[in-house]
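Each chain is listed here by its residues.
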Amino acid sequence: MSSRSLPTSVIQPSRRRLPFLLVVLGAVISAGLAGVALLLVQGAFAAVAAPFSPSATDGLIAEGMVVTIDDDDVPAVARLNRSLRDALRQAERDAAADGISLYVTSGWRSTGYQRWLFEDAVELYASEEVARQYVATPERSSHVTGDAVDVGPIDAQFWLMEHGPAYGICQTYANERWHYELATAPGGTCPEMKLDAAS
Ligand SMILES: [Zn+2]
């Protein structure tokens, strides 16, 4: 009968199509899962393979980059404690009048950058105890709080050693003639230097 053959012809194609659709659906889900798994694996490798590397936003002043205390667009300078920055600006102008160019070789540093420096020193000296004498931990570093600045070149360091106290700027570690902090009132007497960053 034609009334029976009609439903059969309608049902048959869809019966054939169903397994095919399931296969397609299965393939799509599998591909999706595989894709997610691949992304997770890639993410895990990226986290392991890409070590921290400081950038300008961490306060890095790359080697060969000339920065002065007036460079407000450089995070290492912009994020310094304002009173230290102002005092150093005054000193920089007076040093220039003496024919000395004063540059900032390092200023504010992010915690990550300071940790990176410290870990590098630990690797170099193969000792955490020795490393502490040369690089402060992020918890102790006055660079991280924006209270320290490293200056160069050497004639600027000697100029600041002699004239810094007039601005309240003092060398604070005996083994770092480049490292200065605001440590006294302008014209005051600098506190006795610490032996090193570990003292
Ligand atoms: Zn320093």
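Just so you know, these numbers come straight off a predicted model, no measurement behind them. Throughout, residues of each chain are indexed from 1 in the direction in which the sequence is written. With pLDDT at 70 or above as the cut-off, local features in this predicted model cover only qualifying residues; side-chain atom pairs require 80 or more to be listed or tallied, and sums for whole chains, interfaces and linings still use all residues. The side-chain figures draw on all heavy atoms in the structure; neither hydrogens nor water molecules are used.

1. Brief notes about the coordination of the zinc ion
Each metal's donors comprise the N, O and S atoms found within 2.8 Å of it (within 3.2 Å for Na, K or Ca). Water is not part of the atom list, so some coordination spheres may appear incomplete. Donor atoms from the polypeptide that bind the zinc ion are His143 (NE2), Asp150 (OD) and His179 (ND1), placed at 2.0 to 2.1 Å. Relative accessible area serves as the criterion here: at 2%, histidine 179 is assigned to the buried category. Residue burial is assigned from relative accessible area. The probe radius is 1.4 Å, only protein chains are included, and a residue is buried under 20% of its type maximum, exposed over 50%, and partly exposed in between.

2. Focus: helix H6 (residues 154-163)
Along an α-helix, residues three or four apart share an orientation, since each turn contains 3.6 residues. Of the residues making up H6, those classed as buried are Ala156, Gln157, Trp159 and Leu160. When H6 is viewed along its axis, its buried side chains cluster within an angular range of 165 degrees and face the same direction. A helix here means a DSSP run of H or I that spans at least four residues, while a strand means a run of E at least two residues long, and both kinds are numbered starting from the N terminus. What the arc measures is the spread of directions leading from the helix axis to the C-beta atoms.

3. A closer look at the layout of surface pockets
Cavity means a closed set of points on a 1 Å grid over the protein atoms alone, one where a 1.4 Å probe fits but cannot get out, pocket means an open set with protein on both sides within 12 Å along at least 5 of 7 lines, and lining means a residue has an atom within 4 Å of a point. Grid points are joined across faces, edges and corners, and a volume is the space filled by probe spheres set on the points. Space inside the largest pocket adds up to approximately 310 Å³. As for the largest pocket, its lining consists of 20 residues, and the residues nearest its centre are Arg109, Tyr134, Val135, Glu176 and Trp178. Side-chain classes follow a simple rule in which Ala, Val, Leu, Ile, Met, Phe, Trp, Tyr, Cys and Pro form the nonpolar group, Asp, Glu, Lys and Arg form the charged group, and the remainder, Gly included, forms the polar group. Here the lining of the largest pocket is composed, by residue class, of ten nonpolar, six polar and four charged. Roughly 190 Å³ of internal volume is contained in the second largest pocket. In terms of lining, the second largest pocket is formed by Leu60, Ile61, Glu63, Thr105, Ser106, Arg109, Tyr113, Asp150, Val151, Gln157 and Trp178. Every element with two or more residues in the lining of the second largest pocket is listed here: strand E1 (103-106) and strand E2 (148-152). Residue composition of the lining of the second largest pocket, by class: five nonpolar, three polar and three charged.

4. Looking at the side chain of serine 142
Relative to the helices and strands, serine 142 resides in the loop between helix H5 (128-134) and E2. Among the polar contacts listed, one links the side chain of serine 142 to the side chain of glutamate 181, at a separation of 2.8 Å. We call two residues in contact when some of their heavy atoms are within 4.5 Å. Those residues in contact with serine 142 that sit more than four places away from it in its chain are Asp147, Ala148, His179 and Glu181. Identification of polar contacts relies on pairs of N or O atoms within 3.5 Å, with a donor-acceptor requirement for protein atoms, meaning one able to donate a hydrogen and the other able to accept it, and with residues adjacent in sequence counted only if both atoms are side-chain atoms.

5. Quick notes on the packing of aromatic side chains
Two rings belonging to Phe, Tyr or Trp (six-membered ring only in the last case) form a pair when the distance between their centres is within 6.5 Å. Interplanar angles under 30 degrees mark stacking, angles over 60 mark edge-to-face geometry, and anything in between is tilted. In the structure shown here, the tally under the stated rule is three aromatic pairs. For the pair tyrosine 113 and tryptophan 116, a centre-to-centre distance of 6.1 Å together with 45 degrees between the ring planes defines the contact as tilted. With tyrosine 113 and tryptophan 116 both in helix H4 (residues 111-125) and three residues apart, this pair spans about one turn of that helix. On the basis of relative accessibility, which here comes to 33%, the residue tryptophan 116 falls in the partly exposed class.

6. Regarding the nonpolar core
Here, nonpolar core refers to any group of buried Ala, Val, Leu, Ile, Met, Phe, Trp, Tyr and Cys residues whose side-chain atoms link them within 4.5 Å. Membership of the largest hydrophobic core comes to 23 residues, with the highest contact counts inside it found for Leu88, Val104, Val149, Val151, Trp159, Leu160 and Ile169. Breaking this core down by element, the ones donating at least two residues are helix H2 (75-78), helix H3 (82-97), E2 and H6. Among the elements that take part in this core, H3 stands out by supplying five residues, more than any other. With residues near it in sequence (within four places) discarded, leucine 88 still touches Ile69, Leu102, Val149, Val151, Leu160 and Ile169.

7. Describing the sheet that holds strand E4 (residues 179-182)
Strands were regarded as paired on the criterion that DSSP finds at least two bridges between them. Taken in spatial order, the four strands of this open sheet run E1-E2-E4-E3, and their pairing is antiparallel. Pairing within the sheet leaves two strands with one partner each, and these edge strands are E1 and strand E3 (169-171). Within the sheet, the average angular offset between the axes of one strand and its neighbour, ignoring direction, is 45 degrees. Fitting a line to C-alpha atoms yields each axis, with helices limited to the stretch in contact; the angle taken between N-to-C directions then spans 0 to 180 degrees. Taken strand by strand, H6 contacts E2, E3 and E4, and its axis lies near 125 degrees from that of E2.

8. Digging into the state of the cysteines
By disulfide we mean two sulfur atoms from cysteines, separated by a distance within 2.5 Å. One pass over the full model with this rule turns up one disulfide. Linked covalently through their sulfurs, cysteine 170 and cysteine 190 form a disulfide whose S-S length is 2.0 Å. Measuring the twist about the S-S bond at about -85 degrees, one finds the cysteine 170-cysteine 190 disulfide to be left-handed. In this pair, cysteine 170 is assigned in strand E3 and cysteine 190 in the segment after E4, connecting sequence segments 20 residues apart.

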